[in-house]
Amino acid sequence: MSKSLISRRPLFGRGSSAVPTPGERRLSALQRLGWKPYFQQQLTLEELNDCEPLRVMAVHRNQLDLAGENGERALPLTPALVSDDVQRRPTIGDWLLLERGSGKFLRLLERSSQFQRMAPGARQLQMIAANVDSVLIVSSCNKDFNLSRLERYLALVREAGCRPYLVLTKADLCAETDTYTEALHGYPDLPVALVNSLLPDSVAQLRQWCLPGETIALLGSSGVGKSTLLNTLSGEQLAATAGIREDDSKGRHTTRHRALYPLDWGGLLLDSPGMRELGLVDVEQGFAATFGDIGALAGNCRFADCRHDSEPGCAVQGAIESGDLDERRLRNWRKLERELARNSRTLAEQRAGDRALGQFYREVQGHARERKLRGD
Ligand SMILES: Nc1nc2c(ncn2[C@@H]2O[C@H](COP(=O)(O)OP(=O)(O)OP(=O)(O)O)[C@@H](O)[C@H]2O)c(=O)[nH]1
Ligand SMILES: [Mg+2]
Ligand SMILES: [Zn+2]
């Protein structure tokens, strides 16, 4: 395995003699890697005997770093693993089924959740992670704090059916943390923690959200302190961190690759590079859940096709006038709705193009076979 991210600590170090602390469930080695009944029930009795499940802990250009019951191993990325369909390619957090002994890749297990985004530039679907239970959306108490970005993350997390939490870092550097917590009064369902990521006592409050056997992803812009949180929560220097730019509080994109880190108490943290752009795609339900208030208001507009501009009897504009709805939120709702529609169109066109190309290749191959049979 190339530079292993997980071998610095014994994955299965707590032997059978380890005494669980009160309230702690004794987890098997696989459960400590996030194995759940949801995955187990996808295996036949035969597969339970002849195969072993391994989790993708990191994805490299030519190989996957895997971890399973018997430790870690690398799996070279062969054509069988690199499907044309981006969503079928193994991503971080996936469970793979390998044949015992030969180590041959058999299949990718169905995911309990998945995150994807429209990659900037290339405008292609890109997988972010799979089989995540909770997401710590990380933002710092400085210029990084941005409600519209938070709504973007919430749409993504809610679509995947994961639990979102908000971690506000750098509380120690901020004289008026109330400004940030007050700005969040419109999100009563979102648990918020204010921390100094460098202090173990301060980040200890996050342990209640990082449960044994669960996979928790740290998502947020560069420089907000995701890797610092990982290091402090684990008590080890697992990931590199670096200072941010003084002038605009932006980070330096220190973390380059996503990686899963098992924690002592059985949870797993996913550290990822700060995302410059989180293009939303295929998250209609998560979007509707994030903007449920606007959806409900729109239902009360006089006209069914109200555009919420200046139509008479518009309940959305009424809520803005009365101060019940923030105009920024409406602007973001419009922006994300347009973005979702645009990205769905792009994706549909790409998929149609791929299908047409596939059909073309099949026809060419068919003709070639016929010619061969005829002996041309
Ligand atoms: N004082 C203080 N500094 C912090 C806190 N959290 C992070 N930092 C500092 O902020 C800088 C950036 O932290 P990182 O952990 O590298 O940020 P990141 O989110 O992992 O950034 P990328 O890997 O680039 O995405 C480092 O210098 C950290 O020491 C905090 O709560 N308080
Ligand atoms: Mg980092
Ligand atoms: Zn309206």
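Residues numbered from 1 in each chain as written. Chains lettered and ligands numbered in written order. Predicted model: local features only at pLDDT ≥ 70, side-chain atom pairs only at ≥ 80, totals over all residues. Heavy atoms only, no water.

Here we come to the nonpolar core. By size, the foremost hydrophobic cluster in this structure holds 60 residues, and its most contacted members are Phe 115, Val 132, Val 135, Ile 137, Leu 150, Leu 156 and Leu 184. Tallying contributions element by element places helix 3 (residues 147-159) first for this core, with seven residues. Formed by 23 residues, the second largest nonpolar core is a distinct cluster that contains Val 167, Leu 218, Leu 229 and Leu 269. (Core = buried A, V, L, I, M, F, W, Y, C linked by side-chain atoms within 4.5 Å. Buried < 20%, exposed > 50% of the residue type's maximum accessible area, 1.4 Å probe, protein only. Helix = DSSP H or I, 4+ residues; strand = E, 2+ residues; numbered from the N terminus.)

Glancing now at the pattern of salt bridges. Counted according to the given criterion, the structure contains 13 salt bridges. Of the charged contacts, one joins Asp 94 and Arg 111 as a salt bridge, the two residues approaching to 2.8 Å between their closest N and O atoms. Taken together, the residues Asp 94 in the loop between strand 3 (71-76) and strand 4 (95-99) and Arg 111 in the loop between strand 5 (105-108) and strand 6 (114-118) connect sequence positions 17 residues apart. Overall, the relative accessible area of 12% leaves Arg 111 in the buried class. Linking Asp 326 and Arg 328 is a salt bridge whose minimum nitrogen-to-oxygen distance equals 3.7 Å. Judged by relative accessible area, which is 42%, Asp 326 ranks as partly exposed. Here the residues in one salt-bridge network are Glu 151, Asp 293, Asp 326, Arg 328 and Arg 329, joined through shared partners. (Salt bridge = Lys/Arg side-chain N within 4 Å of Asp/Glu carboxyl O.)

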